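Observations on the model geometry
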Amino acid sequence: MAYNLPPLSWLRAFEAAARLGNFTRAAEELLITPAAVSYQVRQLEQHLGYPLFDRVHREVVLTRLGQTYLPSVEKAFSDLSIATVSVFGERHRKPVRFRCLNSFGQLWMIPRLKAFQTAYPEIDLQMISASWAEVLNPDLFDIDVRFGDGAWTDGAVEFLLNDPIVPVCHPDLALDPGQRDLDGLAGATRLDIMGVVDTWESFFRSYAHPVPPRNGLQVDQSLSALELAARGHGHALVLETLAQPYLEDGRLLRSSPRQIKSRHSYFLVTSSPRQVLSPDAQIFCDWMIRELKV
């Protein structure tokens, strides 16, 4: 899209002169000469075809059109400043940028971020959500929380957590106490998560039970499986850490006391060895490791 805008330097000179009422003070703020401010303002006036200031001795007074134009220019610069800081942080206060999978971010990270910010109010965080583990781009973030086999070569890899996988369901779908749980699960509607290695097939095989045919929805994230299970769509097979918030508030219960060991784990992947990261990033990593051990 082509924007019908005059050069930003002209707009900056106009905004500063209008706010300060003087070309000299505007020049001091912009670190240029008063003559340069005067020149840029005149270029802007010629570009627009209308005068923006009345020159009165050494002071400048906005014309009626200048008064009308100024609020829009001020808002544009304010919006641009806010957007720049929100994405890139303040120059003297670089945020700790980290990425994690959507399910882990929503169900484990977000509920704990308030405690981190209370303990370390001087550290700004920037969280990026992802659906799958991708190559670490140190220009975008320094820390990546991944779930997998740990065989990545794009950064320093550190083990975080291996979590058991458990079957869960809505209380209304609880199995009949008099029924063998594996038979009950085999006959129940089950939710499958695509792309995982620990599937319902793995669950049944680990207990030497015939593998039943697939009979439920397929989703691409644990969070989706948990939300569907909490709405009574079937039994989900998920990591215990992710299911914990649902189990604690009663939205879900364990379908069976059985569980299987996950063949994948959570890992911390950093753009460089953890001890080389910024002090703030190291503090965040140490905090996350402590929290995961609780």
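One structure accompanies this document, and this report is about it. Note that the structure is a prediction, hence the values are computed from the model and not measured. (Residues numbered from 1 in each chain as written. Predicted model: local features only at pLDDT ≥ 70, side-chain atom pairs only at ≥ 80, totals over all residues. Heavy atoms only, no water.)

1. Digging into the overall build of the chain
Defined as follows: For the purposes of this entry, the term helix denotes a DSSP run of H or I that reaches at least four residues, the term strand denotes a run of E that reaches at least two, and both are numbered from the N terminus. The globule rule is 2.2 Å times the number of residues to the power 0.38, and the radius of gyration it is compared with is taken over C-alpha atoms. For every residue, the accessible area obtained with a 1.4 Å probe (protein chains only) is divided by the maximum for its type, and the residue is called buried under 20%, exposed over 50%, and partly exposed between those limits. Between two residues, a contact is recorded if the distance between any of their heavy atoms is within 4.5 Å.
On a plain count of helices and strands, the chain comes out with ten helices and 13 strands. The C-alpha radius of gyration of the chain comes to 29 Å, more than 25% above the 19 Å expected for a compact globule of 294 residues. Taking the principal axes of its C-alpha atoms as reference, the chain extends roughly 95 × 40 × 35 Å. In the chain, which comprises 294 residues, the share counted as buried stands at 43%. Sequence-distant contacts in the chain: of pairs separated by 6 or more residues, those separated by 24 or more amount to 72%.

2. Topic: the pattern of salt bridges
So the rule is basically this: We define a salt bridge as a side-chain nitrogen of Lys or Arg found within 4 Å of a carboxyl oxygen belonging to Asp or Glu.
Under the criterion given, the structure shown has 16 salt bridges. The salt bridge involving Asp144 is made with Arg146; its shortest N-O contact spans 2.6 Å. Looking at Asp144, the relative accessible area reads 2%, which means it is buried. With relative accessibility at 2%, the residue Arg146 sits in the buried group. Its salt-bridge partner being Arg254, residue Glu240 comes within 3.7 Å of it at the nearest N-O pair. Highlighted residues: Glu240 in helix H9 (residues 240-248) and Arg254 in strand E11 (residues 253-254), separated in sequence by 14 residues. Each of Arg99, Asp144, Arg146 and Asp154 takes part in salt bridges that share partners, so that together they form one network.

3. Focus: the nonpolar core
Going by this rule: Throughout, nonpolar core names a set of buried Ala, Val, Leu, Ile, Met, Phe, Trp, Tyr and Cys residues whose side chains join them through atoms within 4.5 Å.
Core analysis: the largest hydrophobic core is formed by 51 residues, its most contacted members being Met109, Ile143, Leu226, Phe284 and Met288. If you tally residues by element for this core, the top one is helix H10 (residues 279-293), at seven residues. With residues near it in sequence (within four places) discarded, Met288 still touches Trp108, Met109, Val145 and Leu268. Core analysis: the next-biggest nonpolar cluster, separate from the first, contains 20 residues, Ala18, Phe53, Val60 and Leu70 among them.

4. So, the environment of Leu44
The residue Leu44 is located in helix H3 (residues 34-48) in this model. The spatial distance from the C-alpha of Leu44 to the C-alpha of Pro6 is 6.9 Å, given a sequence separation of 38 residues. Other than its neighbours up to four places away in sequence, Leu44 contacts Pro6, Trp10, Leu11, Phe14 and Leu52.

5. Quick word on the sheet that holds strand E4 (residues 125-130)
Inclusion rule: At least two bridges found by DSSP between two strands are what make those strands a pair. Orientation is described by axes fitted as lines to C-alpha atoms, over the contacting stretch for helices, and by angles from 0 to 180 degrees between their N-to-C directions.
Spatially, the five strands line up as an open sheet ordered E4-E3-E5-E13-E6, and their pairing is mixed. One side of each edge strand has no neighbouring strand; the edge strands of this open sheet are E4 and strand E6 (156-161). Put simply, the sheet's adjacent strands are angled 25 degrees from each other on average, direction ignored. Against the sheet, helix H5 (residues 102-119) touches strand E3 (96-101), E4, strand E5 (143-148) and strand E13 (265-270), its axis set at about 140 degrees to E3.

6. Considerations on the packing of H5 against helix H8 (residues 222-230)
To be explicit about the condition: For classification, angles of less than 35 degrees are called roughly parallel, those exceeding 145 degrees roughly antiparallel, those between 65 and 115 degrees roughly perpendicular, and all remaining angles oblique. Residues were grouped as follows: Ala, Val, Leu, Ile, Met, Phe, Trp, Tyr, Cys and Pro as nonpolar; Asp, Glu, Lys and Arg as charged; and all remaining residues, including Gly, as polar.
Between H5 and H8, the shortest axis-to-axis distance is 7 Å and the interhelical angle comes to 60 degrees. On the basis of their axis angle, the class for H5 and H8 is oblique. Touching Ser103, Gln106 and Leu107 of H5 are Ser222, Leu223 and Leu226, all from H8. Tallied by class, residues from the contact of H5 with H8 come to three nonpolar, three polar and no charged.

7. Description of a nonpolar patch on the surface
In plain terms, the rule: Residues qualify for a patch when their relative accessible area is over 30% and they have no salt bridge, like charges being joined within 9 Å and the nonpolar side chains of Val, Leu, Ile, Met, Phe, Trp and Tyr within 5 Å. Calculation of accessible area relied on Shrake-Rupley with a 1.4 Å probe; when residues are assessed, cover is drawn exclusively from the protein chains displayed.
Together, Leu48, Tyr50 and Leu65 give the surface a local cluster of nonpolar side chains, amounting to about 280 Å² of exposed area. Considering the arrangement of structural elements, one finds Leu65 in helix H4 (residues 64-88).

8. A word on the environment of Gly234
Mapped onto the elements of the fold, Gly234 is located in the loop between H8 and strand E10 (235-239). It is 7.7 Å that separates the C-alpha atoms of Gly234 and His170, two residues lying 64 residues apart in sequence. For Gly234, the contacting residues outside a window of four places in its chain are Val168, Cys169, Leu173, Thr189, Leu191 and Ala229.

9. Some details on the packing of aromatic side chains
The following threshold applies: Pairing of aromatic rings covers Phe, Tyr and Trp, the last counted by its six-membered ring, and requires centre-to-centre distances within 6.5 Å; plane angles under 30 degrees mean stacked, over 60 mean edge-to-face, and any other angle means tilted.
Inspection of the entire model under this criterion finds 18 aromatic pairs. Geometrically, the ring pair formed by Phe159 and Phe267 is edge-to-face, given 5.9 Å between the ring centres and 80 degrees between the ring planes. Pair noted here: Phe159 is in strand E6 and Phe267 is in strand E13, with a separation of 108 residues, a long-range link. The exposure class of Phe159 is partly exposed, given its relative accessible area of 48%. By relative accessible area, which is 11% here, Phe267 ends up buried. A connected cluster of aromatic rings, assembled from ring pairs, spans Phe98, Phe104, Trp108, Phe116, Tyr120, Phe147, Tyr266, Phe284 and Trp287.

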